[in-house]
Amino acid sequence: QVRLVESGGGVVQPGGSLRLSCAASGEISSLKPMGWYRQPPGKARELVGTSDSDGSTTYADSVKGRFTISRDSGENTMYLQMNNVKPADTAVYYCTAVGHWSGYTYWGQGTQVTISS
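Reading guide: rules and limits
Every chain's residues receive numbers from 1 upward, in the order its sequence appears when written. At least 70 in pLDDT is required for a residue's local features to be given in this predicted model, at least 80 for side-chain atom pairs to be given and counted, and no such filter applies to totals for whole chains, interfaces and linings, which use all residues. Water and hydrogen atoms play no part in the side-chain values, which are based on all heavy atoms of the structure. For two strands to pair, DSSP has to find at least two bridges joining them. Numbering of helices and strands starts at the N terminus; helices are DSSP runs of H or I of at least 4 residues and strands are runs of E of at least 2. For the purposes of this analysis, a disulfide is any pair of cysteine sulfur atoms at a distance within 2.5 Å. Relative accessible area decides the class of each residue, using a 1.4 Å probe on protein chains only: under 20% of the type maximum gives buried, over 50% gives exposed, and in between gives partly exposed. Any carboxyl oxygen of Asp or Glu that lies within 4 Å of a side-chain nitrogen of Lys or Arg is treated as forming a salt bridge with it.

Caption draft 1: Quick look at the pairing of strand E4 (residues 34-39). Bridging between E4 and strand E5 (residues 46-51) involves 5 bridges; their strand directions are antiparallel. Across the sheet, Tyr-37 pairs through a bridge with Leu-47, a residue of E5. In terms of strand pairing, E4 meets strand E9 (residues 91-98) through 5 bridges, oriented antiparallel. By the bridge assignment for E9, Gly-35 is matched with Thr-96.

Have a look at this one:
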């Protein structure tokens, strides 16, 4: 079984910075990317970016140049560094990982990020 726990959410002013963490346990696939998603209030869930085990990353156009995804050396924790945040970044942020044996995509519980205006 795979368990994902997001942390680091909170309230921050526009233009500020925030760093989210996703701690993974269990047998996750090293051949599939981990991901960050977010769901703004009243809107659909959207992809923020992905991180492969080799360190390569992708980003949605809405966060390019502002957000950075990284993973630790053991690939058990993934981070989302959020810089120059905007009110539109307000959302519940989720991380995902694929189980090594099941191929199932697991989701964390989410962490709330609120950008004050």
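Caption draft 2: Examining the state of the cysteines more closely. Enumeration over the complete set of coordinates arrives at 1 disulfide. Here Cys-22 is linked by a disulfide to Cys-95, with a sulfur-sulfur distance of 2.0 Å. One quick way to see it: the torsion about the S-S bond of Cys-22 and Cys-95 is about 65°, and its sign makes the bridge right-handed. Here Cys-22 is found in strand E3 (residues 18-25), whereas its partner Cys-95 is found in strand E9, with 73 residues between them in sequence. Take Cys-95: its relative accessible area is 0%, and that puts it in the buried class.

Caption draft 3: Expanded view of the pattern of salt bridges. Here the structure, examined in full by the defined rule, presents 4 salt bridges. A salt bridge links Glu-46 to Arg-38, with the nearest nitrogen and oxygen atoms 2.6 Å apart. With a relative accessible area of 3%, Arg-38 lands in the buried category. Salt-bridge contacts for Asp-89 lead to Arg-66; the nearest nitrogen and oxygen are separated by 2.8 Å. One end of the pair, Asp-89, is in the loop between strand E8 (77-82) and E9; the other, Arg-66, is in the loop between strand E6 (57-59) and strand E7 (67-71), with 23 residues separating them in the sequence. Here the two residues Asp-89 and Arg-66 agree in accessibility, since each one is buried. Taken together, the shared-partner salt bridges in this structure form one network comprising Arg-38, Glu-46, Arg-66 and Asp-89.

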